[in-house]
Amino acid sequence: MTDDRNDKIRDRAYAIWQREGGAHGDHERHWHTAEAEIDREAALPLTADDALPQTREIASTDVLEVEALAMRTGISGDEAQELIDRLGTDRAATEQAARELKARRKR
């Protein structure tokens, strides 16, 4: 565990402890909750502005991800981009949303 990560977890666990009234005895739960929150935040997708390089061009890996979703699910590239922008990198959620979108179009 890096010192920076450890410091963030400790600070978050302390904030959780304070928010819950400062009662003693739940330090392990506070630590594990803080650890999960910090790790989840670190795994969050970047914002759209962060994902664009300074040239304002879309990174090739992003393009490939959009194209792959469109091809796997039979939706347009624009629709795939919208789903990825809205749902992030949660593949199960984007796949399900794409299937629902395609099914709605068929009706």
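Going by the structure above, here's the rest.
Each value, and the rule that gives it
Residues numbered from 1 in each chain as written. Predicted model: local features only at pLDDT ≥ 70, side-chain atom pairs only at ≥ 80, totals over all residues. Heavy atoms only, no water. Axes fitted to C-alpha atoms, helices over the stretch in contact; angles between N-to-C directions. Helix = DSSP H or I, 4+ residues; strand = E, 2+ residues; numbered from the N terminus. Parallel < 35°, antiparallel > 145°, perpendicular 65-115°, else oblique. Left-handed = near helix turned anticlockwise from the far one by under 90°. Contact = heavy atoms within 4.5 Å. Nonpolar A, V, L, I, M, F, W, Y, C, P; charged D, E, K, R; others polar. Expected span 1.5 Å × (residues − 1). Buried < 20%, exposed > 50% of the residue type's maximum accessible area, 1.4 Å probe, protein only. Arc of directions from axis to C-beta. Salt bridge = Lys/Arg side-chain N within 4 Å of Asp/Glu carboxyl O.

(A) Spatial organisation of the packing of helix H5 (residues 77–87) against helix H6 (residues 91–106). Where H5 contacts H6, the axes come no closer than 10 Å and their chain directions differ by 140 degrees. Considered as vectors, H5 and H6 are oriented oblique to each other. Read as a crossing pair, H5 and H6 show a hand that is right-handed. Along the contact surface, H5 presents Glu 79, Leu 83, Ile 84 and Leu 87, while H6 presents Ala 93, Thr 94, Ala 97, Ala 98, Leu 101 and Arg 105. A per-class count over the contact of H5 with H6 returns seven nonpolar, one polar and two charged.

(B) Region of interest: helix H1 (residues 3–19). Helix length check: H1 (17 residues) gives 24 Å between terminal C-alpha atoms against 24 Å at 1.5 Å per residue, within 8%. Those residues of H1 not exposed but buried are Ile 9, Ala 13 and Ile 16. Looking straight down H1, one finds that the buried residues subtend no more than 60 degrees of arc, so they occupy a single side. Facing away from the buried side of H1 by over 90 degrees, the exposed positions are Asp 3, Asp 11 and Arg 19. Taken together, the buried residues of H1 touch helix H2 (27–43). With its phi angle positive at about 100 degrees, Gly 21 sits one or two positions after the end of H1.

(C) Quick peek at H5. Buried within H5 we find Glu 79, Ala 80, Leu 83 and Ile 84. Down the axis, H5 shows its buried residues gathered within 135 degrees of arc, on one side only. The outward face of H5, more than 90 degrees from its buried face, is lined by the exposed residues Asp 78, Glu 82, Asp 85 and Arg 86. Positive phi shows up at Gly 88, right after H5, with a value of about 75 degrees.

(D) Representation of the side chain of His 30 in the model. Mapping His 30 onto the fold places it in helix H2. With sequence-adjacent residues up to four places away left out, His 30 is seen in contact with Ala 13, Ile 16, Trp 17, Glu 20 and Ala 23.

(E) Examining the pattern of salt bridges more closely. For the structure on display, the rule yields eight salt bridges. The salt bridge partner of Asp 7 is Arg 10, with a shortest N-O separation of 2.4 Å. Separated by three residues within a single helix, Asp 7 and Arg 10 lie in helix H1, roughly one turn from each other. A residue is classified by how much of its surface remains accessible, and Arg 10, at 41% relative accessible area, is partly exposed. Glu 20 is the salt-bridge partner of Arg 29, the closest N and O atoms lying 2.6 Å from each other. Residue classification places Arg 29 among the partly exposed residues on the basis of a relative accessible area of 37%. Given the relative accessible area of 41%, Glu 20 is considered partly exposed. A single network of salt bridges, built from pairs that share partners, joins Arg 5, Glu 35 and Asp 39.

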